[in-house]
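Fold and geometry: a report
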Amino acid sequence: MIVTAASNWDWSAVADFMPTFWDGVLVTLQALVLGSLISFSLGLVWALALRAPTRFVRWPVGAFTEFIRNTPLLVQLFFFFFVLPEWGVQASALTTGVLALGLHYSTYTMQVYRAGIEAVPVGQWEAARALSLPYRRTWSAVILPQAIRRVVPALGNYVIAMLKDTPLLAAIGVLEMLQRARLEAAQTFQYTEALTVVGVAFILIAYPSSLLLRALERRLVR
């Protein structure tokens, strides 16, 4: 079977696919980078909101994030793409996909931030109070720098998870790597080459990223 598969491999099909493939890589990386920025920013907002002194802030945020975290990303993609335009909210497929990815993963990064904040020693809070630091100054200068340093590796893990979820954007018409491979293979009937190239591309993006995260984690621990 290995010999047969090797003999059926067509390098010319790979060469023909490469221009389209690089366009898909660019779209995938755009969705990944922008979605990550949104998820990191919103996740911190949710985490801080859940520590607000009033329950009228905590409860709605808690209910909203639980709803987002416990519904499939694919359902949210369809909702944003097909339902929001009926309410007058228009956006391109890529923009919709980026926003859905960012919002969905923000509910997970929120939990990472919460864990980091709770891991800050109680003595740090007490020292800030003893110095009569303002509330905002306590957060910006004492708590958040320590909390974020602790959670950077965990946040990076969600970047890799988001990368593996980018093919879901094809459901709303985003031409990322896998969707371009599927369309190319549907025209040439050479699925092996296109899908193998995409699979290798995911590995080449994800594996070095995981090694970088491990190195970063060791550095932060020291």
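Reference entry: report on the structure contained in this document. (Residues numbered from 1 in each chain as written. Predicted model: local features only at pLDDT ≥ 70, side-chain atom pairs only at ≥ 80, totals over all residues. Heavy atoms only, no water.)

**Some points on the overall build of the protein**
Counting its secondary structure elements, the protein contains 9 helices and 0 strands. Moving toward the C terminus, one meets the helices and strands of the protein in the order α-α-α-α-α-α-α-α-α. Taken across its 222 residues, the protein has 39% of its residues classed as buried. By sequence separation, contacts in the protein at least 24 residues apart represent 80% of the contacts at least 6 residues apart. If you sum the accessible surface of the protein, you get close to 12,800 Å²; carbon and sulfur atoms cover 66% of it. Distance from the positive charge centre (17 side chains) to the negative charge centre (12 side chains) of the protein: 20 Å. (Helix = DSSP H or I, 4+ residues; strand = E, 2+ residues; numbered from the N terminus. Buried < 20%, exposed > 50% of the residue type's maximum accessible area, 1.4 Å probe, protein only. Contact = heavy atoms within 4.5 Å. Areas by Shrake-Rupley, 256 points an atom, 1.4 Å probe, with all protein chains shown as cover. Lys, Arg positive; Asp, Glu negative; His and termini not counted. Charge placed at Lys NZ, Arg CZ, Asp CG, Glu CD.)

**Quick notes on the packing of helix 2 (residues 11–49) against helix 8 (residues 177–188)**
One way to put it is that helix 2 packs onto helix 8 with a least axis distance of 7 Å and a crossing angle of 155 degrees. As far as their axial angle goes, helix 8 and helix 2 are roughly antiparallel. Along this stretch, helix 2 crosses helix 8, giving a crossing that reads as right-handed. Seen from helix 2, the contacting residues are Asp16, Phe17, Thr20, Phe21, Asp23, Gly24, Val25, Val27 and Thr28; seen from helix 8, they are Met177, Arg180, Ala181 and Glu184. (Axes fitted to C-alpha atoms, helices over the stretch in contact; angles between N-to-C directions. Parallel < 35°, antiparallel > 145°, perpendicular 65-115°, else oblique. Left-handed = near helix turned anticlockwise from the far one by under 90°.)

**Here we look at the packing of helix 4 (residues 73–83) against helix 5 (residues 93–119)**
Packed helix pairs are characterised by how far apart their axes lie and by the angle those axes make with each other. Closest axis-to-axis distance for the helix 4/helix 5 pair is 9 Å, and the angle between their directions is 135 degrees. It follows that helix 4 is oblique to helix 5 by the angle criterion. The hand of the helix 4/helix 5 crossing is right-handed. Note on element contacts: helix 5 touches helix 4 through Ala93, Thr96, Gly97, Ala100, Leu101, Leu103 and His104, opposite Leu73, Gln76, Leu77, Phe80 and Phe81.

**Section: the side chain of Thr166**
Here Thr166 is to be found in the loop between helix 7 (135–165) and helix 8. Each residue touching Thr166, except ones within four places of it in the same chain, is listed here: Thr28, Ala31, Leu101, Glu176 and Phe202.

**Describing empty space enclosed by the protein**
Within the structure shown, the criterion is met by 1 cavity of 30 Å³ or more. There is about 40 Å³ of room inside the largest cavity. Those elements that provide at least two residues to the lining of the largest cavity are helix 2, helix 8 and helix 9 (191–221). Considered class by class, the residues forming the lining of the largest cavity number 3 nonpolar, 2 polar and 2 charged. (1 Å grid on protein atoms, 1.4 Å probe; cavity = no way out; pocket = protein on both sides within 12 Å on 5 of 7 lines; lining within 4 Å. Points joined across faces, edges and corners; volume = space filled by probe spheres on them. Nonpolar A, V, L, I, M, F, W, Y, C, P; charged D, E, K, R; others polar.)

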